[in-house]
Amino acid sequence: MQLFYFKDINEHFTSFSFDKEESKHIVKVLRKNTGDILFVTNGLGVLFKTEIAIASDSKCTVTILSFEKQPQPSFHLHLAVAPTKMNDRYEWFLEKATEIGIQEITPIICEHSERKVIKTGRFDKILLSAMKQSNQYFLPILNEPIPFKEFVKKQINGQKFIAHCEETDKKTLKSVLKTNEDCTILIGPEGDFSVKEIEIALEKQFIPISLGNTRLRTETAALVACHTVVLINE
């Protein structure tokens, strides 16, 4: 099934039109014609079955035939991940985490972050593309970058973990994770969290965890955490 995206539709719509860019892609590139069926999601868990009514490359219009709602996951996974030095590595994480089934991502700026300015425009496109490619109906939330100290002060529901490399008493994520509960995990930059940042997180009741016996890159650690949470909750 090829999946399309239109964020502004809901169950009360009977028809809608794609913008010029998507219309051109549907009609000119994919060569879709009047009467062809398109499956569309709004990124909020609803899949719409539609039929092309007007196959215009400037304003492709479809009629909604039916829709189905996908139930919300039993848990909400939020990864707060420091930006990587090279953008393409963070983009790789975003793509793969979306395919696996993450719900929310926040870039956090840490003391040891080598990249402190982030433009999320391209990140949004990567999340959307990965959602469509993996045939999912929920588009992950991507928050604006925020300093670490501000993030940990927020009211956070559910389990809270910090993955760091300091030689302290840590449990493995899989041994302490509770199923069917919301979960927030902090992943630090290449130089790890500072000692002060770890202390602040522990004061805010974040539980220190290990993601394995090897030292992982930021994007690898984030993906391991994502996969572990999703797998344990299946």
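Preceding this paragraph is the structure being described.
Here the structure is a predicted model, which means the values were calculated and not measured.

What counts and how
- Residues numbered from 1 in each chain as written.
- Predicted model: local features only at pLDDT ≥ 70, side-chain atom pairs only at ≥ 80, totals over all residues.
- Heavy atoms only, no water.
- Core = buried A, V, L, I, M, F, W, Y, C linked by side-chain atoms within 4.5 Å.
- Buried < 20%, exposed > 50% of the residue type's maximum accessible area, 1.4 Å probe, protein only.
- Helix = DSSP H or I, 4+ residues; strand = E, 2+ residues; numbered from the N terminus.
- Contact = heavy atoms within 4.5 Å.
- Pairing = 2+ DSSP bridges.
- Axes fitted to C-alpha atoms, helices over the stretch in contact; angles between N-to-C directions.
- Patch = residues over 30% accessible without salt bridge, like charges linked within 9 Å, V, L, I, M, F, W, Y side chains within 5 Å.
- Areas by Shrake-Rupley, 256 points an atom, 1.4 Å probe, with all protein chains shown as cover.
- Salt bridge = Lys/Arg side-chain N within 4 Å of Asp/Glu carboxyl O.
- Lys, Arg positive; Asp, Glu negative; His and termini not counted.
- Charge placed at Lys NZ, Arg CZ, Asp CG, Glu CD.
- Polar contact = N/O pair within 3.5 Å; in protein donor to acceptor, adjacent residues only side chain to side chain.
- Phe/Tyr/Trp six-rings, centres within 6.5 Å; stacked < 30°, edge-to-face > 60°.
- Lys NZ or Arg CZ within 6 Å of the ring centre and 35° of its normal.

S.K.: Can you explain the nonpolar core? Please cite residues and give values.
M.R.: In this structure, Leu 77, Leu 79, Phe 93, Leu 173, Ile 185 and Ile 187 are the most contacted members of the largest nonpolar core, which totals 32 residues. A per-element tally of this core places helix α7 (residues 218-233) first, with seven residues. In this structure Ile 187 touches Ala 80, Val 81, Ala 82, Ile 108, Ala 163, Phe 193, Leu 211, Thr 218, Ala 221, Ala 222 and Ala 225, once residues within four positions along its chain are discounted.

S.K.: So what's going on with the sheet that holds strand β2 (residues 15-17)? Residues and values would help.
M.R.: One open sheet accounts for five strands, arranged β1-β3-β4-β5-β2; its pairing is mixed. Strand pairing shows two members of the sheet lacking a second neighbour, β1 (3-5) and β2, which therefore form its edges. Ignoring strand direction, the axes of neighbouring strands in this sheet form an average angle of 45°. As paired strands, β1 and strand β3 (residues 37-41) are joined by three bridges and run parallel to one another. Residue pairing for β3: Phe 4 is matched across the bridge by Val 40.

S.K.: How would you sum up unusual backbone geometry? Please name residues and give values.
M.R.: For Asn 135, which is not a glycine, the phi torsion comes out positive at approximately 55°. By the secondary structure assignment, Asn 135 is in the loop between α3 (121-133) and β8 (141-142). Judged by relative accessible area, Asn 135 falls into the partly exposed class, the value being 31%. If you check the backbone angles, Asn 180 has positive phi at about 60° while not being a glycine. Within the secondary structure, Asn 180 is located in the loop between α5 (173-176) and β12 (183-187).

S.K.: Let's hear about a positive patch on the surface: which residues, and what values?
M.R.: A grouping of Lys 149, Lys 153, Lys 196 and Lys 204 is seen on the molecular surface, where their side chains present a positively charged patch. Here Lys 153 shows up in helix α4 (residues 148-153). Classification of Lys 153 by relative accessible area gives exposed; the value is 63%.

S.K.: Could you give me a rundown of the side chain of Lys 160, with the residues and numbers involved?
M.R.: If you trace the backbone, Lys 160 turns up in strand β10 (residues 159-163). An unpaired buried charge is present at Lys 160: no salt bridge exists, and Glu 203, the closest side chain of opposite charge, is 11 Å distant. At 2.6 Å, the side chain of Lys 160 and the backbone oxygen of Lys 204 are in polar contact. Discounting chain neighbours no more than four positions away, the residues touching Lys 160 are Thr 184, Lys 204, Gln 205, Phe 206 and Ile 207.

S.K.: Describe the packing of aromatic side chains, listing the residues and the values that go with them.
M.R.: Using the criterion set out here, one finds eight aromatic pairs in the structure. Through a chain of ring-to-ring contacts, the aromatic side chains of Phe 4, Phe 6, Phe 16 and Phe 18 assemble into a single cluster. The ring of Phe 206 carries the charged tip of Lys 160 above its face, separated from the ring centre by 4.8 Å.

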